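The residues making up each chain are set out below.
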Amino acid sequence: MNVKIRKGDTVEVISGNFEDKGKRGEVITVQVDDRRVVVQGVNILTKHQKQTQTSQGRSVSPGRIKLEGPLHISNVMLVCPKCSKATRVAVSRDETGAHRICKHCQALID
């Protein structure tokens, strides 16, 4: 599958939870098969964890852990590093390979 968003890109949330809409963050992981991305600081979930004991005698502390949940890739847009606008991405191919291009300012993203 062709995914135009990669790990390390800055993206903006364009739809979904009203608290997260408009937020920007860096992509932590891309799940290509599910077409989902995990964005730093967006879609924060709370996981409740019991206290457990490991085989070495140490215990994992109980409590609530906050972590980022995945978003569908259609709910985010790539932010151009040059014009800092949320933009669509065009792909141009030449003899050196494929390059991502901003639709607003025609700047290379890669």
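Note: the structure precedes this text.
Presented here is an overview of the structure given in this document. (Residues numbered from 1 in each chain as written. Predicted model: local features only at pLDDT ≥ 70, side-chain atom pairs only at ≥ 80, totals over all residues. Heavy atoms only, no water.)

It is worth spelling out the overall build of the protein chain at this point. Secondary structure summary: the protein chain contains zero helices and 12 strands in total. Listing each helix as α and each strand as β along the protein chain from the N terminus yields β-β-β-β-β-β-β-β-β-β-β-β. Here the protein chain has a C-alpha radius of gyration of 18 Å; the compact-globule value for 110 residues is 13 Å, and the former is much larger. Taken along its principal axes, the extent of the C-alpha atoms in the protein chain is 55 × 35 × 25 Å. The buried share among the 110 residues of the protein chain stands at 25%. (Helix = DSSP H or I, 4+ residues; strand = E, 2+ residues; numbered from the N terminus. Rg over C-alpha atoms; globule rule 2.2 N^0.38 Å. Buried < 20%, exposed > 50% of the residue type's maximum accessible area, 1.4 Å probe, protein only.)

Here we take up the layout of surface pockets. Taken as a whole, the largest pocket spans an internal volume of roughly 260 Å³. When residues of the lining of the largest pocket are assigned to their parent elements, the largest contribution, three residues, is made by strand 9 (residues 76–79). For the lining of the largest pocket, the class distribution of residues is seven nonpolar, three polar and three charged. (1 Å grid on protein atoms, 1.4 Å probe; cavity = no way out; pocket = protein on both sides within 12 Å on 5 of 7 lines; lining within 4 Å. Points joined across faces, edges and corners; volume = space filled by probe spheres on them. Nonpolar A, V, L, I, M, F, W, Y, C, P; charged D, E, K, R; others polar.)

Before going further, it helps to examine the pairing of strand 2 (residues 24–31). Sheet topology places strand 1 (residues 10–13) next to strand 2; three bridges connect them, and they run antiparallel. Note that in strand 2 the partner of Val11 across the bridge is Gly25. Across four bridges, the pairing between strand 2 and strand 3 (residues 36–39) is antiparallel. Following the sheet pairing, Val27 is matched in strand 3 by Val39. Here strand 2 folds back onto strand 3 in antiparallel fashion, the turn holding four residues, of which Arg35 has a positive phi close to 55°. (Pairing = 2+ DSSP bridges.)

Our next topic: unusual backbone geometry. Of note, Ser84 is a non-glycine position whose phi angle comes to about 50°, a positive value. Relative to the helices and strands, Ser84 is located in the loop between strand 9 and strand 10 (86–87). The exposure class assigned to Ser84 is partly exposed, which follows from its relative accessible area of 43%. Even without a glycine there, the phi angle at Gln106 is positive, about 60°.

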